[in-house]
Amino acid sequence: MSGKSVSAFAKVTAFFTALGSSLHRVFVNTSNRGFISSREFHKRKRAFAEAGGTDNVKFIAGHTVEDGLIHYAEETNADCIAASTHARKGLAHFFLGSISEDLANHSRLPAVSFKL
């Protein structure tokens, strides 16, 4: 969640609003991808809102981002999971992997990704 992700947020919001869907915005805190404190989350959430996003973001935890998103989607009886992506290729994709790809492979729900 950063100022760079505001354009992806706008695309996701427009896409799902046009479909008449409601959105649950979540930030997944993981120990292996830059664990942050609640205080840091609230600071980032304010900055995201000031950059044109929203401050309506739920703070959840998961072993991985995919695990957190899938668990939250199951808890809330979601119809779909949407995630922003960096669209990494080559060595970056090999070493860092792809959250969107993992969602598509492990979730029983449809997964939609939006490029940052």
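Residues numbered from 1 in each chain as written. Predicted model: local features only at pLDDT ≥ 70, side-chain atom pairs only at ≥ 80, totals over all residues. Heavy atoms only, no water.

**So, the overall build of the protein chain**
Turning to step 1, where the next piece is worked out: Secondary structure assignment for the protein chain yields 5 helices and 4 strands.
Turning to step 2, where the next piece is worked out: For the protein chain, the N- to C-terminal ordering of α and β elements is α-β-α-β-α-β-α-α-β.
Turning to step 3, where the next piece is worked out: Relative to its full complement of 116 residues, the protein chain shows a buried share of 29%.
Turning to step 4, where the next piece is worked out: Only carbon and sulfur atoms are counted for the fraction: they give 53% of the accessible area of the protein chain, which is about 7,600 Å². (Helix = DSSP H or I, 4+ residues; strand = E, 2+ residues; numbered from the N terminus. Buried < 20%, exposed > 50% of the residue type's maximum accessible area, 1.4 Å probe, protein only. Areas by Shrake-Rupley, 256 points an atom, 1.4 Å probe, with all protein chains shown as cover.)

**Section: the pattern of salt bridges**
Turning to step 1, where the next piece is worked out: Applying the stated rule across the entire model yields 2 salt bridges.
Turning to step 2, where the next piece is worked out: A salt bridge links arginine 44 to glutamate 40; its shortest N-O distance comes to 3.2 Å. Placement of the pair is arginine 44 and glutamate 40 together in helix H2 (residues 38–50), with a separation of 4 residues, close to one helical turn.
Turning to step 3, where the next piece is worked out: A relative accessible area of 27% means that glutamate 40 is categorised as partly exposed.
Turning to step 4, where the next piece is worked out: When the shortest N-O distance is used, the salt bridge between glutamate 74 and arginine 108 registers 3.3 Å. Here arginine 108 lies in the loop between helix H5 (99–106) and strand E4 (111–115) and glutamate 74 lies in helix H3 (residues 65–75), a separation of 34 residues in the sequence. (Salt bridge = Lys/Arg side-chain N within 4 Å of Asp/Glu carboxyl O.)

**Quick word on H3**
Turning to step 1, where the next piece is worked out: Of the positions making up H3, those classed as buried are Val65, Glu66, Gly68, Leu69, Ile70, Tyr72 and Ala73.
Turning to step 2, where the next piece is worked out: Contact partners of the buried residues in H3: strand E1 (26–29), strand E2 (58–61), strand E3 (81–85) and H5. (Contact = heavy atoms within 4.5 Å.)

**Notes on the confidence of the model for the protein chain**
Turning to step 1, where the next piece is worked out: Mean pLDDT over the protein chain stands at 82; residues scoring 70 or higher make up 84%.
Turning to step 2, where the next piece is worked out: Helix H4 (residues 90–96) is the least confidently modelled element of the protein chain, averaging 53 in pLDDT, while E2 averages 93, the highest of any element. (pLDDT = per-residue confidence, 0-100.)

**So, the nonpolar core**
Turning to step 1, where the next piece is worked out: Core analysis: the largest hydrophobic core is formed by 10 residues, namely Val28, Ile60, Val65, Leu69, Ile70, Tyr72, Ala73, Ile81, Ala83 and Leu103.
Turning to step 2, where the next piece is worked out: For this core, the secondary structure elements donating two or more residues are H3 and E3.
Turning to step 3, where the next piece is worked out: Element by element, the count of residues in this core is highest for H3, at 5 residues.
Turning to step 4, where the next piece is worked out: Filtering out sequence-adjacent residues up to four positions away, isoleucine 81 remains in contact with Leu69, Ile70, Ala73, Leu103, Ser107, Leu109, Pro110, Ala111 and Val112. (Core = buried A, V, L, I, M, F, W, Y, C linked by side-chain atoms within 4.5 Å.)

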